[in-house]
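If you want the building blocks of each chain, they are given just below.
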Amino acid sequence: MPVIDVVNLSKSFGKLTVLSDVNLAVEEGESLVILGGSGTGKTVLLRCIMGLLRPDSGHVAMDGRVIQTMTRDQLFEARKEIGMCFQMAALFDSMTVEQNVGFALKRHTSMTRAEILDRVDECLNLVGLKGTNRLRPSELSGGMKRRVGFARAIALKPKILLFDEPTTGLDPVMTDVIGRIIMDLKQELGVTSITITHDLKSAFAIADRIALLFRGKCLAVQKPDDFRVNPHEVIQQFLRGDADGPFLQDPPPPSKKPSQPEARP
Ligand SMILES: Nc1ncnc2c1ncn2[C@@H]1O[C@H](COP(=O)(O)OP(=O)(O)OP(=O)(O)O)[C@@H](O)[C@H]1O
C-alpha cells in the first residue's frame, strides 16, 4: 500500500482549474520530486495532501486512511506524521533556533524540557547546525534558515516529509548542500518524501522518481534516467529551459532577427 496515494484529485479556484484528475502514489521510503512551472499548482497539491485545502473531487490517502474523510481530531493526529518544510523556511522570528525546533515537541508531546533539548540537539546535528541553538532567524543565512526549518519538520519523527521549494533563492553551492541534507535525512530516517522544486540539478540528485505537473496533470512519473530521455515535448522543453515550445500558455513573441542593412542601389 502506498504511504501517500493521490487519487483522481481535482481542484479549481473559480474558473481556474489548477489540478485536474491527478493520480500519484508514493511508496514507503521513496523520494518523489514534483517539477513544474510557476503557478502550475504544486503548492496546491501539497496543501491538499496535508488536508489544508479541500479538493473539489478525488482524495488523498495516507497509509490507506483518507485524509478528506477524517474528523478534525483524526486530521490533527495524522498531521503529526507529516513534517512540512515550507518555502523560505517560515520560522518564528521572535524565537531562537532551539525554540523553533522544539516548538512542536513542547506543544504535542509530554517530553520534559531536558528531553526536548536533547531532541533539538539531535535534529540540529542531522542538518549540520550543531551549536546554533541560541541564534535567532535574523542572524541566520538563507541556507541555515532552510536547515532549521528541516530540523523543526523532523522533530516529531514524522513518517513523511514534504519540501516546498527548499532551494529557491539559494546559491548553487547552498542548493547542493540542501540537496545532500535531503538525501541524508532520507537515509538516516527512512522517511517517505515529496519535494517540489524548480531546480533540476537537485531534483535529479534526490529523486527516486520525478513527475512534471503541467496544466493540471502529472506528466510521466518516472525514474530520473527514464524521465531525462522521455520524448514528451513538454518534458524536453522544461529540461532544456527553453522559452519556445508548448510549455508556456502565453509564449513570448518570436525573437526578431537582426535587421539586415538595406542594400544600396
Ligand atoms: N487559495 C487560493 N485562492 C485562489 N487561487 C489560488 C489559491 N491558492 C492558489 N491559487 C492559484 O492556483 C494556482 C497555482 O498556485 P500554486 O501556489 O500551487 O502554484 P505553484 O506551482 O506552487 O507556483 P510557484 O512555483 O510559483 O510557487 C495559481 O494560479 C494561484 O494563484
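Residues numbered from 1 in each chain as written. Predicted model: local features only at pLDDT ≥ 70, side-chain atom pairs only at ≥ 80, totals over all residues.

**Structural notes on the sheet that holds strand S4 (residues 57-62)**
The strand order across the open sheet built from four strands is S2-S1-S4-S5, with neighbouring strands paired in antiparallel fashion. For this open sheet the edge positions go to strand S2 (16-26) and strand S5 (65-66), each flanked by a neighbour on one side alone. Across seven bridges, the pairing between strand S1 (residues 4-13) and S2 is antiparallel. Bridge pairing in S2 links Ser12 to Thr17. (Pairing = 2+ DSSP bridges. Helix = DSSP H or I, 4+ residues; strand = E, 2+ residues; numbered from the N terminus.)

**Re the pairing of strand S3 (residues 31-36)**
With respect to burial, S3 is a largely interior element, six of its six residues being buried. The alternating pattern of S3 places Ser31, Val33 and Leu35 and Leu32, Ile34 and Gly36 on opposite faces, both of which are buried. Taken together, the four bridges between S3 and strand S8 (residues 192-196) define a ladder with parallel strand orientation. The residue of S8 that forms the bridge with Ile34 is Ile196. (Buried ≥ 20, exposed ≤ 12 C-beta atoms within 10 Å, placed from the backbone.)

**Some thoughts on the nonpolar core**
Ranked by internal contacts, the top residues of the largest apolar core, which has 63 residues, are Ile4, Ala151 and Leu162. Apart from the residues lying within four places of it in its own chain, the contact partners of Ile4 are Val26, Ile49, Val60, Met62, Ile160, Thr192 and Ile194. (Core = buried A, V, L, I, M, F, W, Y, C linked by C-beta atoms within 7 Å. Contact = placed C-beta atoms within 7 Å.)

**Side note on the site of the ligand**
Looking at the ligand, the residues that line it are Phe13, Leu16, Val18, Gly36, Ser38, Gly39, Thr40, Gly41, Lys42, Thr43 and Val44. Going through the elements one at a time, S2 and helix H1 (42-49) are the ones with two or more residues in the shell around the ligand. Here the element with the most residues in the shell around the ligand is H1; it accounts for three residues. Across the shell around the ligand, the residue classes tally to four nonpolar, six polar and one charged. (Near = placed C-beta within 6 Å. Nonpolar A, V, L, I, M, F, W, Y, C, P; charged D, E, K, R; others polar.)

**Some details on the environment of Glu98**
Within the secondary structure, Glu98 sits in helix H3 (residues 97-108). Residue classification places Glu98 among the partly exposed residues on the basis of 19 C-beta atoms within 10 Å. Apart from the residues lying within four places of it in its own chain, the contact partners of Glu98 are Val120, Asn133 and Arg134.

**Concerning the packing of H3 against helix H5 (residues 142-154)**
Following both chains from N to C, one finds H3 and H5 inclined at 30°, their axes separated by 7 Å at the closest point. Classified by the interaxial angle, the pair formed by H3 and H5 is roughly parallel. Read as a crossing pair, H3 and H5 show a hand that is right-handed. Here Val97, Asn100, Val101, Phe103 and Ala104 of H3 lie close against H5, whose contacting residues are Val148, Ala151 and Arg152. Considering only residue class, the contact of H3 with H5 consists of six nonpolar, one polar and one charged. (Axes fitted to C-alpha atoms, helices over the stretch in contact; angles between N-to-C directions. Parallel < 35°, antiparallel > 145°, perpendicular 65-115°, else oblique. Left-handed = near helix turned anticlockwise from the far one by under 90°.)

**Points about the pairing of strand S10 (residues 217-222)**
The pairing of strand S9 (residues 209-214) with S10 spans four bridges and is antiparallel. Residue Phe214 lies in a different strand from S10, and its bridge partner there is Lys217. A loop of two residues connects S9 with S10, the two strands running antiparallel in sequence, and Arg215 in this loop sits at a positive phi of about 45°.

**What to know about the confidence of the model for the protein chain**
Counting all residues, the mean pLDDT for the protein chain is 88, and 93% of those residues have values of 70 or more. The complex prediction reports pTM at 0.87, with the ipTM value standing at 0.96. (pLDDT = per-residue confidence, 0-100.)

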